[in-house]
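One letter stands for each residue in the lines below.
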Amino acid sequence: MLPLLAERFPGAQAALARSAHLLAEADALMQAVGKADLSAARAGEASVSVGALRSLGAARARGALRAWLQEAGEPMPSQRRLTEALRQALDAASDAVVSVPLGARLLRRWRDRLWLLPAQGVGAATAGLDRPWNRRPRMWLGTAGVLVMRPALGEGVCLRWLREHALDVLCRAAAGDAMPRIAVGLPPRHRTLRNLWQAAAVPPWQRPGWPLLAHDGRLLCVPGLAVARGALARPGTPGRVFEWQPA
């Protein structure tokens, strides 16, 4: 059809080229704005603030979600699908747990934050991987994540205690009333894993695979969350802080 258009409208090709150039510039600008909005809504976190996305308006919120999916290497869903996903995620009640499939990902909401997670294996438990602690700074637990130990002063597990005792890494999900308890604080208070997870705002899908450190069957440390009173490093003394980094 281009020869016919050029014959009837001599400036058609130039006009089409100009329009294509302007559309390309607009698309580049939209992508840049989407990436900037996504970065601001995350504020350095892995999740995105629901309030920040809601304040952007529908068009820019979709742009931020597109940037998030592009960053994750996911095919772009249709405009209708993006709009529906954002509607469910942003309009749900504050205490709702929302899960919206977007291709190979799930857009999940919990505590006014959005998470973009793999649809398969979300929060994969490390069940069956119980083993002795290897006493190294990093200990991989299958494909679920890595247990990290870093030196500290006056916090974490007492270094002297660690040198004198063996630890086991327990990688099994705990649920319901069977959750083990850990004595923390002074005077010691027994806290359940659920108490610790809720206080630290750990999303529900990360909890089943969270490793525990135990000695002689007694819970000693929940990495990143708590250390039992009897093994806690005293002020000014060397300690080791354990942290859990899910894959």
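Residues numbered from 1 in each chain as written. Predicted model: local features only at pLDDT ≥ 70, side-chain atom pairs only at ≥ 80, totals over all residues. Heavy atoms only, no water.

**Overview of the environment of His190**
Tracing the backbone through its elements, the reader meets His190 in strand 11 (residues 189–192). Taking the relative accessible area as the measure of exposure, His190 reaches 54% and is therefore exposed. Separated by 154 residues in the primary sequence, His190 and Ala36 have C-alpha atoms spaced 44 Å apart. Excluding residues within four positions of it along the chain, His190 makes contact with Arg181, Ile182 and Ala183. (Helix = DSSP H or I, 4+ residues; strand = E, 2+ residues; numbered from the N terminus. Buried < 20%, exposed > 50% of the residue type's maximum accessible area, 1.4 Å probe, protein only. Contact = heavy atoms within 4.5 Å.)

**A few points about the sheet that holds strand 8 (residues 157–158)**
One open sheet holds the 4 strands; their spatial order is 6-7-15-8, and the pairing between them is antiparallel. The two strands at the open ends of the sheet, each matched to only one other strand, are strand 6 (138–141) and strand 8. In terms of strand pairing, strand 8 meets strand 15 (residues 238–246) through 2 bridges, oriented antiparallel. Of the residues in strand 15, the one forming a bridge with Val157 is Arg240. (Pairing = 2+ DSSP bridges.)

**Focus: the pattern of salt bridges**
Under the defined criterion, the tally for this structure stands at 7 salt bridges. In this structure, the salt-bridge partner of Glu71 is Arg42, at a minimum N-O distance of 2.9 Å. In this pair, Glu71 sits in helix 4 (residues 58–71) while Arg42 sits in helix 2 (residues 12–42), placing the two residues 29 residues apart along the sequence. Judged by its relative accessible area of 52%, Glu71 is exposed. (Salt bridge = Lys/Arg side-chain N within 4 Å of Asp/Glu carboxyl O.)

**Describing the nonpolar core**
A general tendency of soluble globular proteins is for nonpolar side chains to be buried together. Core analysis: the largest hydrophobic core is formed by 35 residues, its most contacted members being Trp133, Val157 and Phe242. Per-element accounting of this core gives the leading share, 4 residues, to strand 13 (residues 218–222). The residues touching Trp133, leaving out its near neighbours within four places in the chain, are Met139, Leu147, Met149, Leu162, Leu167, Asp168, Val169 and Phe242. In this structure, Ala61, Ala85, Ala89 and Leu116 belong to the second largest nonpolar core, which totals 23 residues. (Core = buried A, V, L, I, M, F, W, Y, C linked by side-chain atoms within 4.5 Å.)

**Section: the sheet that holds strand 2 (residues 98–102)**
The pairing of strands in a sheet happens through backbone hydrogen bonds and is either parallel or antiparallel. An order of 1-4-3-2 is seen for the 4 strands of this open sheet, with the pairing classed as antiparallel. Single-partner strands in this sheet number two, and they are strand 1 (48–49) and strand 2. Pairing analysis gives 2 bridges linking strand 1 to strand 4 (residues 113–118), with the strands arranged antiparallel. When the sheet's bridge partners are listed, Val48 is paired in strand 4 with Leu114.

**Points about helix 4**
Since the α-helix advances by 3.6 residues per turn, residues separated by three or four positions end up pointing in the same direction. With 14 residues, helix 4 extends 20 Å between its outermost C-alpha atoms, agreeing within 8% with the 20 Å of an ideal straight helix rising 1.5 Å per residue. Taken together, the buried positions of helix 4 are occupied by Ala61, Arg62, Gly63, Ala64, Leu65, Ala67, Trp68 and Leu69. Downstream of helix 4 by one or two residues, Gly73 has phi in the positive range, about 75 degrees. (Expected span 1.5 Å × (residues − 1).)

**Details of the pairing of strand 3 (residues 105–110)**
A regular strand places its side chains on the two faces of the sheet in alternate fashion. Buried residues dominate strand 3, accounting for 6 of its 6 residues. Where burial is concerned, the two faces of strand 3 agree: the one with Arg105, Leu107 and Arg109 and the one with Leu106, Arg108 and Trp110 are both buried. Pairing between strand 2 and strand 3: 5 bridges, direction antiparallel. When the bridges of strand 3 are listed, Val98 appears paired with Arg109. In sequence, strand 2 turns back onto strand 3 through a hairpin of 2 residues, with Gly103 there showing a positive phi of about 65 degrees. The sheet contact formed by strand 3 and strand 4 spans 6 bridges and is antiparallel. When the sheet's bridge partners are listed, Arg105 is paired in strand 4 with Pro118.

**Structural notes on the packing of helix 2 against helix 4**
Where helix 2 meets helix 4, the axes come as close as 7 Å, and the angle between the chain directions of the two elements is 85 degrees. Taken together, the axes of helix 2 and helix 4 lie roughly perpendicular to each other. Residue-level contacts link Gln31, Val33, Gly34, Lys35, Asp37, Leu38 and Arg42 of helix 2 to Arg60, Gly63, Ala64, Ala67, Trp68, Gln70 and Glu71 of helix 4. Across the contact of helix 2 with helix 4, the residue classes tally to 5 nonpolar, 4 polar and 5 charged. (Axes fitted to C-alpha atoms, helices over the stretch in contact; angles between N-to-C directions. Parallel < 35°, antiparallel > 145°, perpendicular 65-115°, else oblique. Nonpolar A, V, L, I, M, F, W, Y, C, P; charged D, E, K, R; others polar.)

**Regarding the environment of Pro132**
If you trace the backbone, Pro132 turns up in strand 5 (residues 131–132). For Pro132, a relative accessible area of 57% gives the class exposed. Distance in space between the C-alpha atoms of Pro132 and Val169 is 5.7 Å, their sequence separation being 37 residues. When residues no more than four places from it in sequence are discounted, the contact partners of Pro132 are Met139, Leu167 and Asp168.

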